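An overview of the molecular structure
Here is what each chain is made of, one letter per residue.
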Amino acid sequence: HHCTAGIDITLEVFTYAITDISEVDFRLVTKINQVYDRQPQQDHVVPDLKMKEFEYHLPEELIAHYPANPRGSSRLLVVYPEPNANPVATHVQRTLARPPAKHVDLTFSDLVTILPSDCHLVFNESKVFCARVFASFASGEAVEVMFLSSEEPSPDPAVCLHAPCHAQVWRVMIRSAEAVPGTTLTVETTIGSQPVTLSITVDRLYSAWDEEGEADGVEAAVVVSATAQDLPMADVFDAFGSVPLPPYMRREVEPADRGTYQTVYAKEEGSVAAPTAGLHFTPDILQQFTAKGIRRTHLVLHVSAGTFRPVTAERIAEHPMHEEMFAVPVSNIEEILVSLEAGRPIVPVGTTSVRVLETLYWIGARSLLEDAPPSPTTTTVGQWEPFHVRAQLQKGGKSLPSAQAALQSLVSHMRAFGEPIIRGSTSICIVPGYPFQLCDALITNFHQPDSTLLLLVSALMGGAAPLLNAYAHAVENKYRFLSFGDACLLFNVASQRSTGPAAPSSPSLHSGTGGPSAQGPGLSGGGMQASGDMVPDIVEAASGYGPRTAAAAATAKSSATVDPQGKVLLHSCCAPCSGAMIEEMQQQGLDVTVFFYNPNIHPKEEYEIRKEENKRFADELGIPFVDADYDADEWFRRAKGMEFCPERGTRCSMCFDMRFERTALYAAEHGFGAITTTNATSRWKDADQVNESGIKAAQKYDGIQWWLNDWATEEMSKRKYRINADMSFYKQEYCGCSYSLRDTNQYRKKEGLPPVSIGGDNYYSDPEKDSEEESLEAVAQFFEDTNSEEQERRRQIREMYRQRRKDARRAEGNNW
């Protein structure tokens, strides 16, 4: 317990051992001492996630008991990120050219067509061995013994499988709660003409093994012996074991399972469960990928309990991840490094491939941060190590090294050691909040409830909501689940790696088509730049929306003005900001469509008022109106950590990015040539900030231009307030988001004004008076007042949190 003020703990340790202290007890108290000796000010950074947040109902009839026949004929669910800023997902959408939808139902063989040709696929080529043995107690009762991982003579199962079986120590699951240290189970068979007896003796217990729908068991270390002592362990499993089909299949193992529960590219034995995402691939599909130019790299992670053991703890922080062994040739890491340097997207096949790639990143990053080489032969990454490393860096105002830098460091050290393969173990636990480094998209199956795999894909997708929505679609459409089930293609919501050739360091045009930049006039509209010290470093690092760089700001200022021809998609935040822009576009003879996507507006009542008024105005003008989703949950998820950012700060950049990316996507899908936004007319917005997000959004889609124009000139403003008065538009009293409402009400309270009235009787009526209320001078004064107050308020909040302590005078309660 990492307190800052101190706490008294009474701890009692109980043992499974019957007569004496066991090795596991000694390990336990050693770990307790290690925790106790830590500095009390150490930050607690383990994600506090409840497993019930990721629960879903899986009907029994949707669990696949047999694989698709023929192999490769399974279904494929494509789940687009929301909004879609992932370049791989964008390419897939353009290739399919279908109406916009969050979920698209395909077949697995369609992957060859929809993935971009510059993708780099990464496969786990570990091979499943017959790890399930049925052995008997002395009473004759036969129970399942599932071999999970080797311990002696080596933690690498590939080594132990080729060594004599006698005296080997393995970690196993015994499907009986009655197994205790000293218990021996036996099984007999004939190898050739020789009768052989296998003995499995419990050496020590690790924990209970709870699995829904199955008998209670224990996890234990066992010592293996056989009457044929020189028999290799691989031959023991071939003779005594069976294919370790997951128990939820609820059927007997069949001869065909030895082939179907194995990938076609499997090479190195060592897994007790198949890397099931690879089961869909056939030699023909792999050949088609090669013919298309898609690169492939192989690595090995031997799947053990770390991957498939169910989570029984209420919180994921309380779940211990088992170590799993991996091995990757250095030359294969170099292949991935070449793709990173070229900007190619990395697409792992299966969650096991993700865990190895991310482990490699952290080993390389650790060597950079600690300025020390990794072990030349074996190394490990702990369960929560990435979160601790990131927290320490953020505390010091530093950022993580790039994936390219981390892998380059790893390769350099391994070459210096003369080691062709890096081997090690990982217990990395990837959950929402994890910063992915080497995964732009993921090919995977549908995973079991209460599994760490479910949290991994949730982290990639951006949280529990998109995951559960996708799984609900799969259940409704009768997809087949789990190991022999169907596949899905998921995308990293935070990925920005481009498809195609590597992009230049600074874009030169605000169009998705590229090309030289024409020097245009500077933008007016003014506005204050957000002060960098208004947002703490930790928020910027975690969110990806730090202060804008000079180069990024220059992109907006140096872009040429574009006069679009034909169809224009106008992102509209509200009717009052739309009037003058629509009037100007109609006078130019342009075909304009209003696009309403504003998940930031809160509460819902205010959202509906603004949307309906906007729609009525568009209808009166005979202009098409597109009502996009009210994706408020996603907006709040992205705003997490930015709650106290000032107006025109990093939260606003995130908000513009989210809205304009959706606008650009719709434009690309529906034949529009240019996009722009009514936010550019508002004196309350920073025009440079608005245009920077718009330019960035347009660059993601070929043929889409951001119409860069000064929509806030004196003439345009006069037209705007005239139309607003003529139409008696509703006068909104705050920007739109809940944080803006909070800050506006605080300002109004200081000024002696009543709080904002949602849907109140406040309407535009006098053009001159309305313009004066929102003059550049009035807006500048507002930001000067509120920003200075905001800085002081944020300073006070930070100081309060630093000084907060438990009241030592009270023994009960949570009196902070």
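Residues numbered from 1 in each chain as written. Predicted model: local features only at pLDDT ≥ 70, side-chain atom pairs only at ≥ 80, totals over all residues. Heavy atoms only, no water.

**Looking at the overall build of the protein**
Where we set the bar: Labels follow the DSSP assignment, with helices taken as runs of H or I lasting at least four residues and strands as runs of E lasting at least two, numbered in each case from the N terminus. Buried, partly exposed and exposed residues are distinguished by accessible area as a fraction of the type maximum, computed with a 1.4 Å probe on protein chains only: under 20%, between the cut-offs, and over 50%, respectively. Here a residue-residue contact requires only that any non-hydrogen atoms of the pair lie within 4.5 Å. Note on areas: Shrake-Rupley, 1.4 Å probe, and residue coverage restricted to the protein chains presented here.
Of regular secondary structure, the protein possesses 25 helices and 24 strands. Taking all 816 residues of the protein together, the buried fraction comes to 54%. A separation of at least 24 residues holds for 79% of the contacts in the protein among residues at least 6 apart in sequence. Accessible surface for the protein amounts to roughly 35200 Å². Of this, 51% is attributable to carbon and sulfur atoms.

**Overview of the packing of aromatic side chains**
The condition that has to hold: Stacked, edge-to-face and tilted labels apply to pairs of Phe, Tyr and Trp rings (six-membered ring for Trp) whose centres lie within 6.5 Å, assigned for plane angles under 30 degrees, over 60, and everything in between, in that order. Only when the NZ of Lys or the CZ of Arg is both within 6 Å of the ring centre and within 35 degrees of the ring normal is a charge said to sit over the ring.
Counted under the stated rule, the structure contains 35 aromatic pairs. An aromatic cluster of three or more residues is present, and its members are Tyr361, Trp362, Trp384, Phe387, Tyr434 and Phe436. Its guanidinium or amino end placed over the ring of Tyr206, Arg171 lies 3.8 Å from that ring's centre, counting from NZ or CZ. Against the face of Phe672 rests Lys567, its NZ or CZ located 4.3 Å from the ring centre.

**Overview of the nonpolar core**
Definition in use: Only buried residues count toward a nonpolar core, which is a set of Ala, Val, Leu, Ile, Met, Phe, Trp, Tyr and Cys residues joined through side-chain atoms within 4.5 Å.
Ranked by internal contacts, the top residues of the largest apolar core, which has 85 residues, are Tyr261, Ile316, Leu360 and Phe481. The greatest single-element share of this core, amounting to 8 residues, is contributed by helix 10 (residues 351-369). Excluding anything up to four places from it in sequence, Phe481 contacts Tyr56, Leu58, Leu62, Ile63, Ala64, Phe446, Tyr471, Ala474 and Val475. Formed by 56 residues, the second largest nonpolar core is a distinct cluster that contains Leu665, Phe672, Tyr701 and Tyr764.

**Some points on the sheet that holds strand 1 (residues 75-79)**
Stated formally: Strand pairing is assigned whenever DSSP identifies at least 2 bridges connecting the two strands. All axes are obtained by fitting lines to C-alpha atoms, using only the stretch in contact for helices, and the reported angles, taken between N-to-C directions, cover 0 to 180 degrees.
The mixed open sheet is built from 4 strands, whose spatial order is 2-1-19-18. In this open sheet, the two strands that pair with only one neighbour each are strand 2 (103-107) and strand 18 (441-445). Taking the axes of each pair of neighbouring strands and ignoring which way they run, one obtains an average angle of 25° across the sheet. Here strand 1 pairs with strand 2 via 5 bridges, running antiparallel. Residue pairing for strand 2: Val79 is matched across the bridge by His103.

**With respect to a nonpolar patch on the surface**
Keep this limit in mind: Patches draw on residues past 30% relative accessible area with no salt bridge. Two like charges within 9 Å are joined, as are two nonpolar side chains (Val, Leu, Ile, Met, Phe, Trp, Tyr) within 5 Å. Any carboxyl oxygen of Asp or Glu within 4 Å of a side-chain nitrogen of Lys or Arg constitutes a salt bridge here.
Nonpolar side chains collect at one region of the surface, where Leu11, Val13, Phe26, Leu28 and Val29 lie side by side and expose about 440 Å² of accessible area between them. Its location among the elements puts Leu11 in the segment before helix 1 (23-36).

**Observations concerning unusual backbone geometry**
The residue after Glu152, namely Pro153, is reached through a cis peptide bond having omega 10°. Relative to the elements of secondary structure, Pro153 occurs in the loop between strand 6 (142-152) and helix 4 (157-161). For Arg250, which is not glycine, the phi torsion reads 50° and is therefore positive. Among the structural elements, Arg250 can be located in the loop between strand 11 (241-242) and helix 6 (257-260). Positive phi is not limited to glycine here, since Ser728 has a value of about 50°. Topologically, Ser728 is positioned in the loop between helix 22 (714-727) and helix 23 (738-750). Take Ser728: its relative accessible area is 41%, and that puts it in the partly exposed class.

**Section: the side chain of Thr676**
For clarity, the cut-off: Pairs of N or O atoms are called polar contacts if they sit within 3.5 Å, as long as, within protein, a hydrogen donor faces a hydrogen acceptor (for residues adjacent in sequence, only side-chain-to-side-chain pairs).
Secondary-structure assignment places Thr676 in strand 23 (residues 674-677). A polar side-chain atom of Thr676 sits 3.3 Å from the main-chain carbonyl oxygen of Trp707. In this structure, Thr676 is in contact with Leu569, Leu570, His571, Met581, Met585, Trp706, Trp707 and Trp711, ignoring residues within four places of it in sequence.

**So, the packing of helix 10 against helix 12 (residues 403-417)**
Spelled out, the test is: Here roughly perpendicular refers to angles of 65 to 115 degrees, roughly parallel to angles under 35, roughly antiparallel to angles over 145, and oblique to all remaining angles. The classification used treats Ala, Val, Leu, Ile, Met, Phe, Trp, Tyr, Cys and Pro as nonpolar, Asp, Glu, Lys and Arg as charged, and all other residues, Gly among them, as polar.
One can describe the packing of helix 10 onto helix 12 by two numbers: an axis separation of 7 Å at closest approach and a directional angle of 80°. Relative to helix 12, the element helix 10 is oriented roughly perpendicular. Taking contact as the criterion, the partners of Leu360, Tyr361, Ile363, Gly364, Ala365, Ser367 and Leu368 in helix 10 are, on helix 12, Ala403, Ala405, Ala406, Leu407, Ser409, Leu410 and His413. Here the contact of helix 10 with helix 12 is composed, by residue class, of 10 nonpolar, 4 polar and no charged.

**Section: the state of the cysteines**
The cut-off we apply is this: Any pair of cysteine sulfurs within 2.5 Å is marked as a disulfide.
Taken as a whole and assessed by the stated rule, the structure comprises 0 disulfides. With no disulfide of its own, Cys577 lies 3.7 Å from the sulfur of Cys574, the closest cysteine sulfur.

**Quick word on the confidence of the model for the protein**
Short version of the rule: Residue-level confidence of the predictor is what pLDDT reports, using numbers from 0 through 100.
With 83% of its residues at a pLDDT of 70 or more, the protein has an overall mean of 81. Overall, residues 39-43 carries pLDDT values under 50, and its contacts beyond four positions in sequence, including any with other chains, amount to 8 contacts. Predicted confidence for residues 498-563 stays below pLDDT 50, and this span has 137 contacts to residues more than four positions away or in other chains.

**Some points on the environment of Thr107**
Residue placement: Thr107 occurs in strand 2. Residue Thr107 is classed as partly exposed on the basis of its relative accessible area, which comes to 36%. A sequence separation of 35 residues divides Thr107 from Gly72, and the C-alpha atoms of the two residues are 8.6 Å apart. With sequence-adjacent residues up to four places away left out, Thr107 is seen in contact with Ser74, Arg75 and Leu76.

**A look at the pairing of strand 18**
Extensive coverage of strand 18 is indicated by the burial of 5 of its 5 residues. Burial of strand 18 is two-sided: the residues Ala441, Ile443 and Asn445 facing one way and the residues Leu442 and Thr444 facing the other way are all buried. Bridging between strand 18 and strand 19 (residues 487-491) involves 5 bridges; their strand directions are antiparallel. Residue pairing in the sheet places Leu442 in a bridge with Leu490 of strand 19.

**Side note on the sheet that holds strand 21 (residues 591-596)**
The strands making up a sheet associate through hydrogen bonds between their backbones, and the pairing can be parallel or antiparallel. Pairing is parallel in the open sheet, where 5 strands are placed in the order 22-21-20-23-24. One side of each edge strand has no neighbouring strand; the edge strands of this open sheet are strand 22 (625-627) and strand 24 (705-706). Pairing geometry for strand 20 (residues 567-571) and strand 21, over 5 bridges, is parallel. Bridge assignment links Val568 to a residue of strand 21, and that residue is Val592.

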